[in-house]
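Residue-level structural notes
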Amino acid sequence: MSVPRRPPALLAAPLLALALLLTGCSSDAAPEKAPVGVPGQGAAGPQSDAASTLRTSPSPTPAPSPAEIPDLGPETLAQIPDEARQAFVVTGEEADSYRSSAVLYSRVDPAQGWEPVAGPWPAHNGMEGWTDFHVAGDRRSPTGVYTLTDAGGRLPDPGALLPYDEHPRFAVDGEGFFGEPLEGSFDYVVAINYNRTPGVSPLNRTRPLGLERGGGIWIHVDHEGPTQGCVSVPEEQMEELLRMLDPAMNPVIVMGDGETLRR
């Protein structure tokens, strides 16, 4: 049986539809031939394809920022000296609380920033909490950042890296605010350089700001109760701290209630 031949017009219709699909929705017809001498009309060679270069070249990875000590605000961070490589951070629960926690941070490589190396440890501070302006007898611990340069105690040196003054004058007795025994509290101490002369025994009573601004603010062995203004941690942790604080790393203490330290 013979197949009837399709008229030429019917064969041209699908080809016309296909051509329309390939040209898209643009109504501007492309020129048949690019004008000679008109820049930007020629096809770019493989070595000059800027778009291809951007797609295939990896973006540079930005260097990570050095790690900061968590929960410290810009004002507090600005007080930490650039040369400090150790920071003993004591954070009080509330402005009027005598309970704190303590963590030792180190930055061996400044490019990497701070990292915790000991703690958190339970700690106590002044009976009445914290103050930005400590005075003698207020039973509050001074907030701020202070250098740590000198240590001592009633007991022999446990391996401290800071200069250590063993002396019987560190002996103490009596009772704390809640009737807890104070004996042994000063078996190990680190002097906090608040209103004192660095580079001398913690027993030195020189007060550059005057006697009315208080003094004798130490890190010492905890007696399970609040202090007159010092910071205290358990004896085992006190020994560990003495063996870790390194004068070559210019250690500091960062101390205050949490809200103050976040400023």
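Small disclaimer: the values here were computed from a predicted structure and weren't measured.

**What about helix H4 (residues 235-244)?**
- Taken residue by residue, H4 has Gln 237, Met 238, Leu 241 and Leu 242 as its buried positions. The arc enclosing the buried residues of H4, seen along the axis, measures out at 145 degrees, which places them on a common side.

**Remarks on the packing of aromatic side chains**
- The tally for this structure, following the rule as stated, stands at five aromatic pairs.
- With 6.1 Å between their ring centres and 55 degrees between their planes, Phe 88 and Trp 121 make a pair best called tilted. Note that Phe 88 is positioned in strand S1 (residues 86-92) and Trp 121 in strand S3 (residues 115-124), a separation of 33 residues in sequence.
- We classify Phe 88 as buried; its relative accessible area is 0%.
- Within the aromatic cluster, the residues linked to one another by ring pairs are Phe 170, Phe 186 and Trp 218.
- Note that Arg 213 overlies the ring of Phe 133, its terminal NZ or CZ placed 3.9 Å from the centroid.

**Remarks on empty space enclosed by the protein**
- Per the counting criterion, the structure on display carries one cavity of 30 Å³ or more.
- Estimates place the volume of the largest cavity at around 30 Å³.
- If you trace the largest cavity, you find it lined by Arg 196, Pro 202, Asn 204, Arg 207, Gly 216, Ile 217 and Trp 218.
- When the residues that make up the lining of the largest cavity are grouped by side-chain class, the tally is three nonpolar, two polar and two charged.

**Digging into the nonpolar core**
- Phe 88, Val 90, Val 190, Ile 192, Ile 219, Ile 253 and Met 255 are the most contacted members of the largest nonpolar core, which has 29 residues in total.
- Of all the secondary structure elements, the ones that give two or more residues to this core are S1, strand S2 (99-106), S3, strand S10 (218-221), strand S11 (231-233), H4 and strand S12 (252-257).
- Leaving out residues up to four positions away in the same chain, Phe 88 has contacts with Ala 102, Val 103, Leu 104, Trp 121, Ile 219, Val 233, Leu 241, Val 252, Ile 253 and Val 254.
- Of all hydrophobic cores here, the second largest spans 13 residues; its members include Ala 87, Val 103, Val 252 and Leu 261.

**Quick notes on the confidence of the model for the chain**
- Per-residue pLDDT for the chain has a mean of 84; in total, 76% of the residues score no lower than 70.
- pLDDT under 50 marks residues 1-54. Its contacts with residues more than four places away, or in other chains, come to two contacts.

**Comments concerning the layout of surface pockets**
- The space that makes up the largest pocket amounts to roughly 630 Å³.
- In terms of lining, the largest pocket is formed by 31 residues, of which the most central are Phe 186, Gly 215, Gly 216, Gln 228 and Cys 230.
- Considered class by class, the residues forming the lining of the largest pocket number 14 nonpolar, 13 polar and four charged.
- Space inside the second largest pocket adds up to approximately 150 Å³.
- Residue lining of the second largest pocket: Ile 69, Pro 70, Asp 71, Leu 72, Val 89, Thr 91, Ser 101, Val 103, Tyr 105, Pro 120, Leu 261 and Arg 262, and that is the complete set.
- In terms of residues, the lining of the second largest pocket owes the most to one element, S2, which gives three residues.

**Some details on the pairing of strand S7 (residues 150-153)**
- Where burial is concerned, the two faces of S7 agree: the one with Asp 150 and Gly 152 and the one with Ala 151 and Gly 153 are both buried.
- Sheet analysis places S7 next to strand S9 (residues 189-191), joined by three bridges and oriented antiparallel. Residue pairing across strands places Asp 150 opposite Ala 191, the latter belonging to S9.

**Overview of the pairing of S12**
- A large share of S12 lies buried, amounting to six of its six residues.
- The pairing of S1 with S12 spans six bridges and is parallel. Looking at S12, one finds that Val 90 is bridged to Met 255.
- Direction of pairing for strand S6 (residues 144-147) relative to S12: antiparallel, over a ladder of four bridges. When the sheet's bridge partners are listed, Val 145 is paired in S12 with Val 254.

Calculation criteria
Residues numbered from 1 in each chain as written. Predicted model: local features only at pLDDT ≥ 70, side-chain atom pairs only at ≥ 80, totals over all residues. Heavy atoms only, no water. Buried < 20%, exposed > 50% of the residue type's maximum accessible area, 1.4 Å probe, protein only. Helix = DSSP H or I, 4+ residues; strand = E, 2+ residues; numbered from the N terminus. Arc of directions from axis to C-beta. Phe/Tyr/Trp six-rings, centres within 6.5 Å; stacked < 30°, edge-to-face > 60°. Lys NZ or Arg CZ within 6 Å of the ring centre and 35° of its normal. 1 Å grid on protein atoms, 1.4 Å probe; cavity = no way out; pocket = protein on both sides within 12 Å on 5 of 7 lines; lining within 4 Å. Points joined across faces, edges and corners; volume = space filled by probe spheres on them. Nonpolar A, V, L, I, M, F, W, Y, C, P; charged D, E, K, R; others polar. Core = buried A, V, L, I, M, F, W, Y, C linked by side-chain atoms within 4.5 Å. Contact = heavy atoms within 4.5 Å. pLDDT = per-residue confidence, 0-100. Pairing = 2+ DSSP bridges.

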